[in-house]
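Listed below are the residues making up each chain.
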Amino acid sequence: MRMMKSPKTLQSKGSLRIQTPFFLFLLVSFACSEKRDVINDSAKEGLIQTTIDTVFVEPTQSSQLGTFYLKDDALFYVDNAYGIIEEFSIEGRSKGIKKRELDGPEELQGISELIPTKAGFIIRHDWGFYQYDSEWEYVGKSVFQSASTVSYEEMLDNPKGEYIEMYELLHHNPKTTEIADGHLVIKLDVEHPLFNAFTTRSYYRDSRVLGKVNPFNGMMVEMLGTRPDSYEEYEYIPFHVMLDYHWTSDNSIYVTYEADSLIYVYDTSWNLKDSFGEAGIGMNTDYVESQTLDVAFDVKYFNYARNREGFYKDIYVDEEEGLVFRTYRQGSDRQDLLDETGNPLRLQIYRNKKLMEDFSVPGRFRILGKVGERYVADGYYDEQNEKQGFYLLNLN
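Just so it is clear, the model here is predicted, and its values are computed rather than measured.

Conventions adopted
- Residues numbered from 1 in each chain as written.
- Predicted model: local features only at pLDDT ≥ 70, side-chain atom pairs only at ≥ 80, totals over all residues.
- Heavy atoms only, no water.
- pLDDT = per-residue confidence, 0-100.
- Contact = heavy atoms within 4.5 Å.
- Patch = residues over 30% accessible without salt bridge, like charges linked within 9 Å, V, L, I, M, F, W, Y side chains within 5 Å.
- Areas by Shrake-Rupley, 256 points an atom, 1.4 Å probe, with all protein chains shown as cover.
- Salt bridge = Lys/Arg side-chain N within 4 Å of Asp/Glu carboxyl O.
- Lys, Arg positive; Asp, Glu negative; His and termini not counted.
- Charge placed at Lys NZ, Arg CZ, Asp CG, Glu CD.
- Helix = DSSP H or I, 4+ residues; strand = E, 2+ residues; numbered from the N terminus.
- Pairing = 2+ DSSP bridges.
- Axes fitted to C-alpha atoms, helices over the stretch in contact; angles between N-to-C directions.
- Buried < 20%, exposed > 50% of the residue type's maximum accessible area, 1.4 Å probe, protein only.

What follows covers the confidence of the model for the protein. Of all residues in the protein, 89% have pLDDT values of 70 or greater, and the mean over the chain is 89. Of the regions scoring below 50 in pLDDT, residues 1–31 engages in 66 contacts with residues more than four places distant in sequence or in other chains.

What follows is the structure in structure tokens.
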């Protein structure tokens, strides 16, 4: 029988850890130009030579609250506050605004996420999926839903992980992708008073993590996956139950969980095919644990977990090169961070399951895909100087 770790209490450490800059030099830059940052804090003695270029853009209208998405060789900047989607070339040149809120017969009310598809694009707003063709002509709309498999009373009084009607879309760090059969894969969340990450141990064992959705009627047709046994090492870590995934062309599903150093590879039936990975450097994984719903309504606990603690974050797979990229946050002693983007971020690069590189990257760095020989990543935002852009990672 494994012993659970006893819950800890929040304590102020009262110290500042100063992060060593990884820049060797900065080039003077302007809109649609680049600056290059040479990585010099690799933990693997330079097995792969890496540089990061920052491509600056000048959106037509920007609130500095947005996200980049990649389709083929085009980038799309979604400004969440203004409700605008603007296209950019890989060189940072604007190709114009493609979509605005309330513009068109669909009366789009907002943009939560942009989903590139084979036929065009899907805009997700909350629980709604708005379909567009490749020319941004409106095709149709659906709303996320699931079938009723048990009575309402059964679901309410005796919740179980397989009850599909309990689940909803996860809105924190969302990732929705179209797979070969046309379905959308979504991250799942469940907020049930008797089945949740704050008070229910069975949640960590039995709750499902991904769903397959028919985009044309919004129906979730299947749920996939549970968390690994490593989550049995903790009692309740509700702010580190998230994950990220990459669904490859051969239907392998690479998954990284926030509180687990391994990368898991599953088939579509969630049979484990492989696992590999090394722990990050200098991570604070002495997680604060809690067993009360009160922490769900007190933002200081969420902020502590995201800003002060270490966790694994995003994953991207380059199938042609046999490379796997995984980011992680180390945790910070700083008490003045506004959000987790100030929590130091590092990138691991694996080749054939062997760790080749581990180095610092900017706080919002997230690989979107590959154009030519360079990896495109979101996203550079400098609110103070009103600059923004995206990154190009070069491997030599």
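Taken together, the side chains of Asp250, Glu319, Glu320, Glu321 and Glu373 present a region of like negative charge at the surface. Assignment of secondary structure puts Glu319 in the loop between strand 20 (311–318) and strand 21 (323–329).

Taken in spatial order, the four strands make up an open sheet running 7-8-9-10, and their pairing is antiparallel. Edge positions in the sheet fall to strand 7 (113–116) and strand 10 (138–143), since each of these pairs with one other strand and no more. Strand-to-strand twist of the sheet, defined as the mean angle between neighbouring strand axes without regard to direction, takes the value 20 degrees. Two elements, strand 8 (residues 120–125) and strand 9 (residues 128–133), share six bridges in a ladder whose sense is antiparallel. Directly across from His125, in strand 9, lies its bridge partner Gly128.

Neighbouring strands of a sheet are bound in pairs by backbone hydrogen bonds; such pairs are parallel or else antiparallel. The strand order 3-4-5-6 describes an open sheet built from four strands, whose pairing is antiparallel. Each edge of the open sheet carries a strand with a single partner, namely strand 3 (66–71) and strand 6 (94–100). The mean angle between the axes of side-by-side strands here comes to 25 degrees, regardless of whether they run parallel or antiparallel.

Next up on the list: the pattern of salt bridges. One pass over the full model with this rule turns up 21 salt bridges. For the salt bridge of Lys212 with Asp181, the shortest nitrogen-to-oxygen distance reads 3.4 Å. Note that Lys212 is positioned in strand 14 (residues 210–213) and Asp181 in the loop between strand 12 (177–178) and strand 13 (184–190), a separation of 31 residues in sequence. Given a relative accessible area of 47%, Asp181 falls into the partly exposed group. Ionic contacts of the salt-bridge type, sharing partners, join the residues Glu258, Arg306, Arg329 and Glu340 into one network.

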